[in-house]
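# Coordinate analysis (summary)
Residues per chain, in single letters:
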Amino acid sequence: MEPHGGNLRRAKERYGLPAGGWLDFSANINPLGPPAVLKQALQQVVETKLQHYPDPESKNLQQVLAHHHGLKPENVLCGNGASQLLWLALAVWPKGRLLLPVPSFSEYERNARLWGHELEFFPARESEQFNFDLEELYRRLAHCSGLILGNPNNPTSTLVPKSDLIHLASRGKYMLVDEAFLDLTLDQEANSLAPLVNDFPNLIVVRAFTKSLAIPGLRLGYALAHETTLEAMKELQVPWSVNSGAQAVGEVFPLLTKYRENTRAWLASEPDYLWQQLNLLPGIKANPPITNFILCRYKKSAAHLAHALAKKGILIRLAGNFRGLDDRYFRVAVRLREENKRLLAALKKAL
Ligand SMILES: Cc1ncc(COP(=O)(O)O)c(C=O)c1O
């Protein structure tokens, strides 16, 4: 099984290229696609900047992001996608025992192990709609050195409210909060820990434009943390990790008010619509989504569903390789209404 969604080359090797191209529900990307201004910014880079090295410190972008979050530039480190920042974050923490709620994004576990941390898993219960028992989490932190949390969490599409996060952070343990999907929730910044990175020196917040601006191919993410933490992370970072195109695209982010409004309008209706429709399908139980993807359980292995859909050019993400789930689980991104309808129709046929 693929470790991540969105691998179109592998899909092509297995199923051939579908006539109309792939309809990809396996990666959770804003279906509005990259905004036009981003493409213009990229075009300009192609015309004027390819022959030069990118700014190794992404200074302009760092300032734009600091301003956006009301922080100092020293609180911002740009990187090659959220993944690079997760990797760096776990590299600079002293080796310890980390509490990891599961199921969650597999890179947390992989990076923690790579850097020699021990892990203690904290399973979410489906009977609680995969919301974590926060009091228990708080208690378990007592004998752990830190906590890794996706907020929203992948693949469960759940969110821990800010007040609870602050309660957890007040434990004084190391805390890595991955907010890669937070821009794709309706409350957005209201639940972000970004403004608190100077109050909690052990806190690292990771963010990305990957999902919200639909640019997984470009690789752009950033970490927000106390400057001493970021200095340590920077020392380990490969130079020029953020290419000129990614920097230019990030710098126009503040101009995207209309795009963000359109995204919000879509978020206000579509995840709920798809969730309700999925639950009408026989044998499928869909977990309520807080963001742009939905975790589903089929009554038996979902492999044949994924196979039948792929043969029609539709990709979903089998979720059996997330720790704590099994082969009945699959995850679908939420896309535009017509696309969601195509998914629903194809699922209905395949069931
Ligand atoms: C929760 C979560 N964080 C981070 C990432 C990686 O983001 P990026 O592509 O910016 O490295 C993913 C990708 O699927 C994800 O699901």
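The shown structure was predicted, so the numbers you read here are calculated from the model rather than taken from an experiment. Every chain begins its residue count from 1, and numbering advances along the sequence as written. Confidence filtering applies because this is a predicted model: local features only for residues at pLDDT of at least 70, side-chain atom pairs given and counted only at 80 or more, and all residues used for totals across whole chains, interfaces and linings. Excluding hydrogens and water, the side-chain values take into account all heavy atoms of the structure.

## Description of the overall build of the protein
- Scanning the protein for helices and strands turns up 12 helices and 13 strands.
- Overall size of the protein, expressed as C-alpha extent along the three principal axes, is 55 × 55 × 35 Å.
- When burial is assessed residue by residue, the protein has 54% of its 351 residues classed as buried.
- Pairs of residues are marked as contacts when any of their non-hydrogen atoms sit within 4.5 Å. Long-range contacts, defined here as pairs at least 24 residues apart, represent 73% of the contacts in the protein between residues at least 6 apart.
- The Shrake-Rupley method, run with a 1.4 Å probe sphere, supplies the accessible areas, and residue values consider only the shown protein chains as cover. About 15300 Å² of surface is accessible on the protein, with carbon and sulfur atoms providing 52% of the total.
- Here the protein carries 41 positive and 34 negative side-chain charges, and the mean point of each set is 8 Å from the other. Strands here mean DSSP runs of E at least two residues long; helices mean DSSP runs of H or I at least four residues long; both are numbered from the N terminus. Only protein chains enter the accessibility calculation, which uses a 1.4 Å probe; a residue whose area is less than 20% of its type maximum is buried, one above 50% is exposed, and one in between is partly exposed. For the purpose of counting charges, residues Lys and Arg are taken to be positive, whereas Asp and Glu are taken to be negative. His and the chain ends are not included. Charged groups are reduced to one reference atom each: NZ for lysine, CZ for arginine, CG for aspartic acid, CD for glutamic acid.

## What about the site of the ligand?
- We call a residue near a molecule or strand whenever a single non-hydrogen atom of that residue lies within 4 Å of it. Neighbouring residues of the ligand: 13 residues in total, closest Ser 83, Asn 154, Asp 178, Thr 210 and Lys 211.
- As used in this structure description, the phrase polar contact means that two N or O atoms lie within 3.5 Å; if the pair is within protein, one of them must be able to donate a hydrogen and the other to accept it, and residues adjacent in sequence are counted only when both atoms belong to side chains. Lys 211 places a side-chain nitrogen or oxygen 2.8 Å from an oxygen atom of the ligand.
- For the ligand, the protein covers 90% of the area, taking 400 Å² as the surface of the free molecule.
- Ranked by residue count, the leading element in the shell around the ligand is helix H4 (residues 81–92), at 3 residues.
- Nonpolar residues are Ala, Val, Leu, Ile, Met, Phe, Trp, Tyr, Cys and Pro. Charged residues are Asp, Glu, Lys and Arg, and all others, Gly as well, are polar. Classifying every residue of the shell around the ligand gives 6 nonpolar, 4 polar and 3 charged.

## Regarding a nonpolar patch on the surface
- Judged by side-chain polarity, Trp 87, Leu 114 and Leu 236 come together as a nonpolar surface patch covering roughly 270 Å² of accessible area.
- You can see Leu 114 is positioned in helix H5 (residues 106–114). Residues with no salt bridge and a relative accessible area higher than 30% make up the patches, which join like charges within 9 Å and nonpolar side chains (Val, Leu, Ile, Met, Phe, Trp, Tyr) within 5 Å. The working definition used for a salt bridge is a side-chain nitrogen of Lys or Arg within 4 Å of a carboxyl oxygen of Asp or Glu.

## Concerning the environment of Glu 74
- Residue position: Glu 74 is located in the loop between helix H3 (59–69) and strand S2 (76–79).
- Overall, Glu 74 belongs to the partly exposed group, its relative accessible area being 39%.
- In this structure, the C-alpha to C-alpha distance between Glu 74 and Leu 224, residues 150 residues apart in sequence, is 8.9 Å.
- Not counting chain neighbours up to four residues away, the residues in contact with Glu 74 comprise Ala 225, Glu 227 and Leu 230.

## With respect to the packing of H3 against helix H9 (residues 244–251)
- Here, axes are lines fitted to C-alpha atoms. For helices the fit covers the stretch in contact, and angles between N-to-C directions go from 0 to 180 degrees. Interhelical geometry of H3 versus H9 gives an angle of 30 degrees and a closest axis separation of 9 Å. When the interaxial angle is binned, H3 and H9 end up roughly parallel. Considering how the two elements wind past one another, H3 and H9 form a crossing that is left-handed. Every residue of H9 that contacts H3 at Asn 60, Leu 61 and Val 64 is listed here: Gln 247, Gly 250 and Glu 251. Working rule for angles: under 35 degrees goes down as roughly parallel, over 145 as roughly antiparallel, 65 to 115 as roughly perpendicular, anything else as oblique. For any helix crossing, the convention is left-handed if the near helix is rotated counterclockwise from the far helix by under a right angle, and right-handed if that rotation is clockwise.

## Looking at empty space enclosed by the protein
- Only protein atoms enter the calculation, which uses a 1 Å grid: trapped sets of points that fit a 1.4 Å probe without letting it out are cavities, open sets showing protein on both sides within 12 Å along at least five of seven lines are pockets, and any residue with an atom within 4 Å of a point is a lining residue. Grid points are joined across faces, edges and corners, and a volume is the space filled by probe spheres set on the points. Counted under the stated rule, the structure contains 1 cavity of 30 Å³ or more.
- If you add up the space inside the largest cavity, you get close to 80 Å³.
- Around the largest cavity, the lining residues are Asp 183, Leu 184, Gln 188, Ser 212, Leu 213, Phe 253, Tyr 259, Arg 260 and Thr 263.
- Of the residues contributing to the lining of the largest cavity, the split by class is 4 nonpolar, 3 polar and 2 charged.
- A domain assignment, automatic or from a database, supplies the domain bounds used here. A domain-level breakdown of the lining of the largest cavity finds at least three residues from each of domain 1 (8–34 + 257–350) and domain 2 (36–255).

## Some remarks on the environment of Arg 110
- You can see Arg 110 is positioned in helix H5.
- C-alpha of Arg 110 to C-alpha of Trp 87: the two residues are 23 residues apart in sequence and 9.0 Å apart in space.

## Regarding the sheet that holds strand S5 (residues 146–150)
- One requirement defines pairing of two strands: DSSP has to find at least two bridges between them. The 7 strands are arranged S2-S8-S7-S6-S5-S3-S4 in an open sheet whose pairing can be described as mixed. Because the sheet does not close on itself, it has two edges, and the strands there are S2 and strand S4 (118–123). If you compare each strand with its neighbour and ignore which way they point, the axes differ by 20 degrees on average.
- Looking at chain direction, strand S7 (residues 203–208) and strand S8 (residues 221–225) are connected through 5 bridges and run antiparallel. Opposite Val 206, over in S8, you have Ala 223 as the bridge partner.
- With respect to the sheet, H3 is in contact with S2, S7 and S8, its orientation differing from that of S2 by roughly 125 degrees.

## Looking at the layout of surface pockets
- By volume, the largest pocket is sized at about 600 Å³.
- In this structure, the largest pocket is lined by 32 residues; those nearest its centre are His 4, Gly 5, Phe 105, Thr 210 and Lys 211.
- Taken together, the elements giving at least two residues each to the lining of the largest pocket come down to H4 and H5.
- Among the elements that make up the lining of the largest pocket, the one with the highest residue count is H4 (4 residues).
- Here the lining of the largest pocket is composed, by residue class, of 13 nonpolar, 12 polar and 7 charged.
- A domain split of the lining of the largest pocket shows at least three residues from each of domain 1 (8–34 + 257–350) and domain 2 (36–255).
- In this structure, the second largest pocket encloses a volume near 500 Å³.
- The wall of the second largest pocket is formed by 20 residues, among which Glu 2, Arg 14, Tyr 15, Ile 316 and Leu 318 lie closest to the centre.
- Those elements that provide at least two residues to the lining of the second largest pocket are helix H1 (8–15), helix H11 (303–310), strand S11 (314–315) and strand S12 (317–318).

Don't take any of this as a statement about function, it's just geometry.
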